[in-house]
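# Working through the structure, step by step
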Amino acid sequence: MSQNPVDIIDLHKSFGSVKALDGLQLTVRPGEVAGFLGPNGAGKSTTIRVLLGLQRPDSGTAKLFGGDAWNDAVALHRRLAYVPGDVSLWPNLTGGEAIDYLTRLHTTSGNRAQLKRRKAALLEHFELDPTKKARTYSKGNRQKVALVAAFLVDPELYIFDEPTSGLDPLMEAVFTDNVQQVKNAGKSVLLSSHILSEVEKLCDTVTIIRSGRTVESGTLAELRHLTRTTVSVLVAQDPAAITTIPGVHDVTTTVGSGATRVDLSVDNARMGAVLTALTRLDVRGLTATPPSLEELFMRHYGSERDLEAVSR
Amino acid sequence: MSAPTLDVARRAPAGRTAPPQTSASAAALAGTGYLLRFMLRRNWVRLTVWTGALVLFCGYYVVAISAVYVTAADRQNRAAAMTNAGGTLLAGPGYGLENYTIGAMFTNEMALWLIALLATMNILQIARNTRAEEASGRSELVRALPVGRHAASVAAFLVVVIADVAFVVFGSALLIGPGQLAPADTFTLMTGVGLTALVFAGITTVTSQLTVHSRAASGLAFAVLAAAVLIRGIGDIQERHGSWLSWFSPIAWTQQTRAYVDVRLWPLAVSLVAIVVALAAGAALASRRDHGGALLQGRIGRADAAPSLAGPFALVFRQQRGTLLWWLVGCVAMFGPAGLFLGADSGSAIKDIAGQNSLTAEIFGSDPIAAFLAIMMLHNALAVAVFTTAAVLRVKPEEDEGRLGLSLSRALSRTSSLLAHLAVAGIGALVLLLLGGALPLWVGTLLSGSDTSLLVLLTSGGAFALGIGVLIAFTAVLYAWLPKATPLAWVLCGLVIVERFFGSVLDMPTVIKALSPFYWVGNYPKDPIDPVNLIGLGAATAVLLALAVTGFRRRDINAG
């Protein structure tokens, strides 16, 4: 049973003339929290709909636990829980009723008393009043209903599509806690998001897509390897020598009393050369910041933005 | 270079630069013109189809009726059929029955239906442009601009005024031109229809302040419309040309203009006053509430679902039970009293009418009571057809707004999800046919001392249920294969109504009549039912259902 919870290979899907997915690859391994990043319209939601068997791919394979996402949808859905980015609920049902309805679709049996306890605990965590009719809920509260309904069923795989949109920072923290818990319990998670800090905090691996195609995927460490570290250093000697090292970018120097402050960014592969050069300059202080996902992200979308800027 | 939003902001404010002291009322209406243009642009297709269809219907009816009822004697036969309680309930107060001209016939028999249809358009439009916008949160964006508190309500009302005026003008033109009816009477009648329909627009403006949901707002307004139809009917049955009771119904305010008989204008003033009162009440209520709020507050509900709320059928039933209950109340209120008229006296009265002349003899046949029951059961079934089509179509927003996708992400198959929806519509139809139509009709006849077989009525209800089955399955096929074209289900529903009411009058080709499932049910208990037809309806339902399920399992779900 070492089937990957999610295995997507070369997925294509078009709506009319619009190519939503164009050769997408995505894998979530057992026990892994996988981040799924991309700008709006990149195809994240379409990918998830294909995974849920709501939409049929034009070509390629979308498998959940080794089963076909379209053909075996109902059986596979017993093993997962999904939270959409924009939750719509039945207006005349209360939040509590919607949670129970969704849970009952999922599990026909199960320990009633235990379920009730867990529901009460989750409602308390998320500070949700279950007696209100869904039509009176704000977007954030509708989101909480779907989150509670997902965490309540205890599946092997969680699929979240921008789950924290509409939640305030406190509730985001509660969400993060709950994901940590299911991660510790060995569950797998697919987390689609464009909030980088969320992904950075939670995810083991990241897949970045753009225009329906996977442009980067790997563990956070692997991806960071591709990027630059920001270095800020205080030196007593003239730092001109550093600027000429290949792989050093964006150098700014600030001359102070007795020492010069140099800020620069370095390709990770060239870090050794920079450190060697620095030792000769009488270093008084040094900080190095690892690359954030933000920078990683900007690198992939930056070019597109630049193009747009040029065409304006 | 001006961005559109800035443009709005610049145009929308109390731009007519009123002096400061009058700015409060001017500010409440700021932006009305802009909103009016916006609503017209958003709704012009609907409005054109509605008013265009009604205008054409007016013209076609008069031309067709002139061709069918050529001589005065023909029309007097028709008049005789309109004197009984059933005729009065479904037509008018009976002005001009002594000399039943084309105009008198049009007024007596069509005014009610034109008002009902135009009022329906008005109710739906007002609810759509005010409460629905507010419920969805879209109007919050608009209200954040310099737009007045009453601007949306007033603009929505002006939209239906424009549509209704178009109906009055073009409808009158058709009636006066090709229809060759007297201009003054025509214009009075049509203006009356428009004004009465606007009364219901005004009532919807009030109900939109009361409830949070647009469906509830339009539902309340439709309840008032149904009450108006019923009150007018009972009042006119009490007394030819209407009793005091009739005057409580806005519909009477048009019918009592006595167009083409002895026309008078003043009843139109009652409608005008009612419109002003309704709008003033709506404005007063609107000033008292928060944006997005309502005067009837929602209650809190259960924290845990009842054990019965398990599975898709229970969910759909839960969503539709309120609507079903109201339809049931309406049907019982309509067909219980109708049964009462079949007592010993009315029964003989119907026999008298049937014996009057050859045409009524043909309508009522050898068994007038059976013919009356057939007509009543048909009306019930047509109402159920409307209910069912609307009930099935509610699956569409479930999908479009993402709730279906959320359910299907759990262990729920598409087949059971779709069938649950159709089953609720089908069971609702059965309830309305048997408990809303057959049973109250039977109890009514029993109370009035007539002896009608319950089995006969139940058989009729059952036969119509098979016809309804075809409607349900047809709508499901549209939904499964052509989701964007789902509203076309109303075309078949409309055909069913037109074929039964006007099929013979309008001389409809048999090919088209045969498309209506009710054509195959026939006029039971007046005429016997052909079991082969019923088997055919059942088979058609089964085939269409299978087709719908196949299609729904294949296509992409629109997940919101």
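Fair warning: this is a prediction, and the values are worked out from it, not measured in the lab. Counting from 1, residues in each chain are numbered in the order their sequence is written. All chains are assigned letters beginning with A, and all ligands numbers beginning with 1, in the order in which they are written. Where totals are concerned, whole chains, interfaces and linings use all residues; where local detail is concerned, this predicted model gives features only for residues with pLDDT of at least 70, and gives and counts side-chain atom pairs only at 80 or more. Neither water nor hydrogens contribute to the side-chain values; these are computed over all heavy atoms in the structure.

In this section: the overall build of chain B. Put simply, DSSP marks the helices as runs of H or I at least four residues long and the strands as runs of E at least two long, and each gets a number from the N terminus on. From N to C terminus, chain B includes 25 helices and 0 strands. For the exposure calls, accessible area comes from a 1.4 Å probe over protein chains only, and a residue counts as buried if that area is under 20% of its type's maximum, exposed if over 50%, partly exposed in between. Classification of the 560 residues of chain B by burial places 52% in the buried group. Residue contacts are counted whenever heavy atoms from the two residues lie within 4.5 Å of one another. Pairs at least 24 apart in sequence give 76% of the contacts found in chain B among residues at least 6 apart. For chain B, the exposed area adds up to about 23900 Å²; of that, 69% sits on carbon and sulfur atoms. A 1.4 Å probe and the Shrake-Rupley method give the accessible areas. Residues count as covered only by the protein chains that appear here.

Turning next to the interface of chain B and chain A. Listed per partner, the contact involves 38 residues of chain B and 41 residues of chain A. In this description, buried area is defined as the sum, over both parts, of the accessible area (probe of 1.4 Å) that is lost when the two are combined. With both sides pooled, the region where chain B packs onto chain A buries about 3500 Å², and carbon together with sulfur makes up 54% of that total. Interface area lost by chain B to chain A is led by L406, R410 and A411 of chain B, which between them contribute 22%. Within this document, salt bridges are pairs made up of a side-chain nitrogen of Lys or Arg and a carboxyl oxygen of Asp or Glu, the two lying within 4 Å of each other. The tally of links between chain B and chain A comes to 4 salt bridges.

Next up on the list: the domain arrangement of chain A. For chain A, the domain assignment lists domain 1 (6-224) and domain 2 (228-290). Domain start and stop positions are those given by an automatic or database domain assignment. Once you take the C-alpha centre of each, domain 1 of chain A and domain 2 of chain A turn out to be 43 Å apart.

Let us now look at the packing of aromatic side chains. Stacked, tilted and edge-to-face are the three classes applied to pairs of Phe, Tyr and Trp rings, where Trp contributes its six-membered ring and a pair requires centres within 6.5 Å; stacked means planes under 30 degrees apart, edge-to-face means over 60, and tilted covers the rest. One pass over the full model with this rule turns up 15 aromatic pairs over all chains. Taking 5.8 Å as the distance between ring centres and 15° as the angle between the ring planes, the aromatic pair formed by Y158 of chain A and F160 of chain A counts as stacked. Ring centres 6.2 Å apart and planes at 85° place the aromatic pair W244 of chain B and F248 of chain B in the edge-to-face group. Residue W244 of chain B shares its accessibility class with F248 of chain B, and that shared class is exposed.

What follows concerns the pattern of salt bridges. By the definition in use, this model includes 28 salt bridges over all chains. Two residues, R131 of chain B and E134 of chain B, come together in a salt bridge whose shortest N-O distance is 3.7 Å. Of this pair, R131 of chain B and E134 of chain B both sit in helix 7 (residues 131-136), 3 residues apart, which is roughly one turn of that helix. Grouping residues by exposure puts R131 of chain B and E134 of chain B together as buried. Each of D100, K116 and K119 of chain A together with D304 of chain B takes part in salt bridges that share partners, so that together they form one network.

Below, the discussion takes up the sheet that holds strand 2 (residues 18-28) of chain A. Residues and elements named next belong to chain A. Taken together, 4 strands build an open sheet; the order of strands is 2-1-4-5 and the sheet is antiparallel. Bordering the open sheet on either side are strand 2 and strand 5 (67-68), each of which pairs with just one other strand. Only strands that DSSP links by at least two bridges are regarded as paired with each other. In the sheet, strand 1 (residues 6-15) pairs with strand 4 (residues 59-64) via 5 bridges, with the strands oriented antiparallel. Residue pairing across strands places D7 opposite K63, the latter belonging to strand 4.

What follows covers the environment of V384 of chain B. Residues and elements named next belong to chain B. Turning to its location among the elements, V384 is positioned in helix 17 (residues 368-393). Through-space distance from the C-alpha of V384 to that of V532 is 23 Å; in sequence the pair is 148 residues apart. Apart from residues no more than four positions distant in its own chain, V384 is found in contact with A429, L432, L433 and I468.

On to empty space enclosed by the protein, then. All names here are of chain B. A cavity here means a set of points on a 1 Å grid, drawn over the protein atoms and nothing else, where a 1.4 Å probe fits but cannot get out; a pocket is an open set with protein on both sides within 12 Å along at least five of seven lines, and a residue lines either one if it has an atom within 4 Å of a point. Grid points are joined across faces, edges and corners, and a volume is the space filled by probe spheres set on the points. Evaluation of the coordinates by the stated rule reveals 5 cavities of 30 Å³ or more. Estimated volume of the largest cavity: approximately 120 Å³. In this structure, the largest cavity is lined by 14 residues; those nearest its centre are L315, V316, E398, L404 and S417. Of all elements in the fold, only helix 14 (312-340), helix 18 (395-400), helix 19 (403-408) and helix 20 (414-447) reach the threshold of two or more residues within the lining of the largest cavity. It is helix 14 that provides the largest number of residues to the lining of the largest cavity, a total of 4 residues. Residue composition of the lining of the largest cavity, by class: 8 nonpolar, 4 polar and 2 charged. Gly counts as polar in this scheme, as do all residues outside two lists: the nonpolar Ala, Val, Leu, Ile, Met, Phe, Trp, Tyr, Cys and Pro, and the charged Asp, Glu, Lys and Arg.

A cis amide bond links Y524 of chain B with the next residue in sequence, P525 of chain B, at an omega value of 5°. Note on placement: P525 of chain B falls in the loop between helix 24 (517-521) and helix 25 (531-554). In the Ramachandran plot, E127 of chain A falls in the positive-phi region, its phi being about 50° despite a non-glycine side chain. Assignment of secondary structure puts E127 of chain A in the loop between helix 4 (112-125) and helix 5 (139-153). Accessibility expressed as a relative area gives 59% for E127 of chain A, which makes it exposed. Positive phi is not limited to glycine here, since H241 of chain B has a value of about 70°. Mapped onto the secondary structure, H241 of chain B falls in the loop between helix 11 (214-238) and helix 12 (250-255).

This part covers the packing of helix 6 (residues 102-129) of chain B against helix 10 (residues 183-210) of chain B. Residues and elements named next belong to chain B. Between N-to-C directions, angles span 0 to 180 degrees; the directions come from axes that are lines fitted to C-alpha atoms, helices contributing only their stretch in contact. Interaxial distance between helix 6 and helix 10 falls to 8 Å at its minimum, and their mutual angle equals 35°. In terms of crossing hand, the pair formed by helix 6 and helix 10 is right-handed. Judged by residue contacts, F106, T107, A111, L114, I115, L118, A119, N122, I123, I126 and A127 of helix 6 engage L189, V193, G194, T196, A197, L198, F200, A201, T204, T205 and S208 from helix 10. Its residues assigned to classes, the contact of helix 6 with helix 10 comprises 15 nonpolar, 7 polar and no charged. A clockwise turn of the near helix away from the far one marks a right-handed crossing, whereas an anticlockwise turn of less than a right angle marks a left-handed crossing.

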